[in-house]
Amino acid sequence: MNTAGQPPATTRPGLELTPFRGLRYDPDRVGSLAAVTSPPYDVVVRPDGLHHLQSADPYNIVRLILPQAETPSARNKQAAETLRRWLSEGVLAADPEPALYVYEQRDGDGMVQRGLIGALRVSEPAEGVVLPHEDVMPHVVADRAALMRATSANLEPLLLTYRGDGATAATTMIIERAAEQPPLLSTTTEDGFSHRLWAITDPADLARVQEDLARHQALIADGHHRWATYRRLRAEHSSPSAWDYGLVLLVDTVRYPLRVRAIHRLLHGLPVADALSAVDGLFRVRRLDLPLAGALEALADAACEGNAFLFAGDGAFHLVDRPDPALLARTIPAEHPAAWRTLDATVLHATLLEHVWHIPEDSPVHIAYIHDTVATVEKAERDGGTAVLMHPVREEVVRDLARQGVTMPRKSTSFGPKPASGLVLRALDL
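Residues numbered from 1 in each chain as written. Predicted model: local features only at pLDDT ≥ 70, side-chain atom pairs only at ≥ 80, totals over all residues. Heavy atoms only, no water.

**Q** I tried to follow the packing of helix α9 (residues 272-279) against helix α13 (residues 344-357) on my own but got confused; where do I start?
**A** A pair of packed helices can be characterised by two numbers: the angle between their axes and the separation between those axes. Interaxial distance between α9 and α13 falls to 11 Å at its minimum, and their mutual angle equals 95°. One element, α9, and the other, α13, form an angle in the roughly perpendicular class. Packed against α9, whose contacting residues are Ala275, Ala278 and Val279, the element α13 presents Leu352, Val356 and Trp357 at the interface. Taken together, the residues of the contact of α9 with α13 break down into six nonpolar, no polar and no charged. (Axes fitted to C-alpha atoms, helices over the stretch in contact; angles between N-to-C directions. Helix = DSSP H or I, 4+ residues; strand = E, 2+ residues; numbered from the N terminus. Parallel < 35°, antiparallel > 145°, perpendicular 65-115°, else oblique. Contact = heavy atoms within 4.5 Å. Nonpolar A, V, L, I, M, F, W, Y, C, P; charged D, E, K, R; others polar.)

**Q** Which parts of the structure should I look at to understand the sheet that holds strand β19 (residues 386-389)?
**A** Pairing between the strands of a sheet comes from backbone hydrogen bonds, and it takes one of two forms, parallel or antiparallel. Pairing is antiparallel in the open sheet, where six strands are placed in the order β15-β17-β16-β19-β14-β18. One side of each edge strand has no neighbouring strand; the edge strands of this open sheet are β15 (284-288) and β18 (367-370). This sheet shows a mean twist of 25° between the axes of neighbouring strands, independent of strand direction. Two elements, strand β14 (residues 264-267) and β18, share four bridges in a ladder whose sense is antiparallel. (Pairing = 2+ DSSP bridges.)

**Q** When you look at the nonpolar core in this model, what are you seeing that I'm missing?
**A** Most often, soluble globular proteins have nonpolar side chains that are buried together. One finds Tyr25 and Trp357 to be the most contacted residues of the largest nonpolar core, which totals 114 residues. Sort the elements by how many residues they give to this core and α13 lands first, with eight residues. Aside from chain neighbours lying at most four places away, what touches Tyr25 is Val30, Leu33, Val36, Tyr59, Asn60, Ile61, Trp86, Val91, Leu92 and Gly422. Membership of the second largest hydrophobic core comes to 18 residues, among which are Ala302, Ala308, Phe317 and Ile370. (Core = buried A, V, L, I, M, F, W, Y, C linked by side-chain atoms within 4.5 Å. Buried < 20%, exposed > 50% of the residue type's maximum accessible area, 1.4 Å probe, protein only.)

**Q** What is the right way to read helix α7 (residues 203-213) from this model?
**A** Given 3.6 residues per helical turn, the α-helix brings residues three or four places apart onto the same face. Every buried residue of α7 is listed here: Asp205, Leu206, Val209, Gln210, Asp212 and Leu213. Around the axis of α7, the buried residues are gathered within 165° of arc, so they sit on the same side. Every exposed residue of α7 that faces more than 90 degrees away from the buried side is listed here: Pro203 and Glu211. (Arc of directions from axis to C-beta.)

**Q** For this particular structure, what's the right way to read unusual backbone geometry?
**A** Phi is mostly negative for residues that are not glycine, and the peptide bonds are mostly trans. Looking along the chain, the bond that leaves Ser239 and enters Pro240 is cis, with omega of -5°. When you line up the elements, Pro240 lands in the loop between α8 (224-236) and β12 (245-252). A cis geometry characterises the amide bond from Gly416 onward to Pro417, with omega recorded as 5°. Within the secondary structure, Pro417 sits in the loop between β20 (414-416) and β21 (425-427). A positive phi angle is found at Ser152, which is not glycine, with a value near 50°. Within the secondary structure, Ser152 is located in the loop between α5 (138-151) and β7 (153-154). Even without being a glycine, His358 presents a positive backbone phi close to 60°. As for its position among the elements, His358 is in the loop between α13 and β18.

**Q** Sorry, what's going on with the pairing of strand β5 (residues 112-121) here?
**A** Regular strands place side chains that alternate from one sheet face to the opposite one. For β5, a buried count of nine out of ten residues is recorded, marking the element as mostly surrounded by other parts of the structure. Bridge analysis of strand β1 (residues 17-18) against β5 gives two bridges, and the strand direction is antiparallel. Each residue of the ladder has a partner; that of Leu17, found in β5, is Leu120. Inspection of the sheet shows strand β4 (residues 100-106) paired to β5 by six bridges, in the antiparallel sense. When the bridges of β5 are listed, Gln105 appears paired with Gln113. What sits between the antiparallel neighbours β4 and β5 is a turn of five residues, in which Gly110 has the positive phi angle 95°. Two elements, β5 and β12, share six bridges in a ladder whose sense is antiparallel. Pairing of Ile117 across the sheet is with Leu249, part of β12.

**Q** Mind showing me how you'd approach the packing of helix α6 (residues 170-178) against α7 here?
**A** As a packed pair, α6 and α7 sit with axes 8 Å apart at the nearest point and diverge in direction by 140°. Taken together, the axis directions place α6 and α7 in an arrangement best described as oblique. On the side of α6, the interface is formed by Ala170, Thr171, Met173, Ile174 and Arg177, while α7 contributes Asp205, Arg208, Val209, Asp212 and Leu213.

**Q** Help me understand the sheet that holds β21 in this model?
**A** The strand order across the open sheet built from four strands is β3-β2-β21-β7, with neighbouring strands paired in antiparallel fashion. The open sheet is flanked by β3 (92-94) and β7, the only strands paired with a single partner. Across three bridges, the pairing between strand β2 (residues 22-25) and β3 is antiparallel. By the bridge assignment, Leu23 is partnered in β3 with Ala94.

**Q** Is there a simple way to explain empty space enclosed by the protein in this structure?
**A** If a probe the size of a water molecule is rolled over the atoms, the empty space left behind becomes visible. This structure, assessed with the given rule, holds four cavities of 30 Å³ or more. Here the largest cavity is characterised by a volume of approximately 110 Å³. If you go around the largest cavity, you meet 13 residues; those closest to its centre are Glu134, Asp222, Gly223, His224 and Lys411. Secondary structure elements with two or more residues in the lining of the largest cavity: β11 (218-222) and α8. For the lining of the largest cavity, the element with the highest residue contribution is α8, accounting for three residues. (1 Å grid on protein atoms, 1.4 Å probe; cavity = no way out; pocket = protein on both sides within 12 Å on 5 of 7 lines; lining within 4 Å. Points joined across faces, edges and corners; volume = space filled by probe spheres on them.)

**Q** Quick question: what am I supposed to make of the side chain of Asp95 here?
**A** Examined against the element boundaries, Asp95 turns out to sit in the loop between β3 and β4. Exposure remark for Asp95: the relative accessible area of 10% places this residue in the buried category.

**Q** I'm lost on a negative patch on the surface in this one. Help?
**A** Taken together, the side chains of Asp314, Asp372, Glu378 and Glu381 present a region of like negative charge at the surface. By secondary structure assignment, the location of Glu378 is in helix α14 (residues 373-383). On the accessibility criterion, Glu378 (37% relative accessible area) is partly exposed. (Patch = residues over 30% accessible without salt bridge, like charges linked within 9 Å, V, L, I, M, F, W, Y side chains within 5 Å. Areas by Shrake-Rupley, 256 points an atom, 1.4 Å probe, with all protein chains shown as cover. Salt bridge = Lys/Arg side-chain N within 4 Å of Asp/Glu carboxyl O. Lys, Arg positive; Asp, Glu negative; His and termini not counted. Charge placed at Lys NZ, Arg CZ, Asp CG, Glu CD.)

Here it is, written out as structure tokens:
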């Protein structure tokens, strides 16, 4: 059975979100639901790495999304064997009928986010249904594709946003009504977020949601590499197949606005002194004798006037701004829109990484992309590298560029809160 259900008779012009039989942990077989969850695979940045999550529970989802072995093929084989074992032991079990899942996240500050987890028909960017806004790294796509092939599963949902019709939309009303019922699961993770999940199985409700979403397009908020992986795997299989669909969380940002944060860079093997020496005379550089919070405020103020970055790693913060216009004109491709040419990420990648420091942006040996600000600074200080802290881009800029078909430099934004991995999975062979 195709876990995404039968394809419709005609292709819808917009989003096609279909129900599936979710794989979920049996709460009686694990220490706690919170202990088996994880941030998405690319956000695991604790100083103790995977050890904390692996030791939280022997069934933590990181054993599937980030298996540990000597070679890539061994890692993927291990993940596949682990998944099969957990299924045979009943640690993970499929829900009895296909559903769309209402997923809620709350934090201690009163923020509430709700969306729908489902299997979304995979489309190409040219179709204008799902809009990417960032470039991807081919080796990451290849890695994720190998893992999904081995496990025949979508192990964690990526995050998509769309601009709905507010509180009166059919999808919104069905989500809100579901959230008034007892949830399938409820847990609070160590980051303070509470998570709840409900299943929508009523055929009339499912039809209303599908009809409503078919009028909309979505922006990839988090998960460009996994979406590119879905596209690659769909191309490898004859349609119709379960690979025509991929697991997503879809959030209406009219109803539930997301937070947009920056993704920082850690430059391995480049001490702060060398990084600053190379930009001397090309940018204005000021040392800030401030704590992190104050330095980030200074960065935000500088970013209102133009391109600005914070360098860290030597025990201080250095505000780097006001690039030489002649340098930018010489190093940034002129064929892109002005909104792209003036992005901090564009200046970082096209000017600093490529022309000033000569660092390849796609080499994990030279550069790491880290979401957590404190972790980025701590890693730079511990390893002797340079942390480049970024100021976030506004969502409307991201969406406008995506609608123009213009992709931003890779890892330009971090939308959140991100869905926790481990609450619901999708097996492609059920």
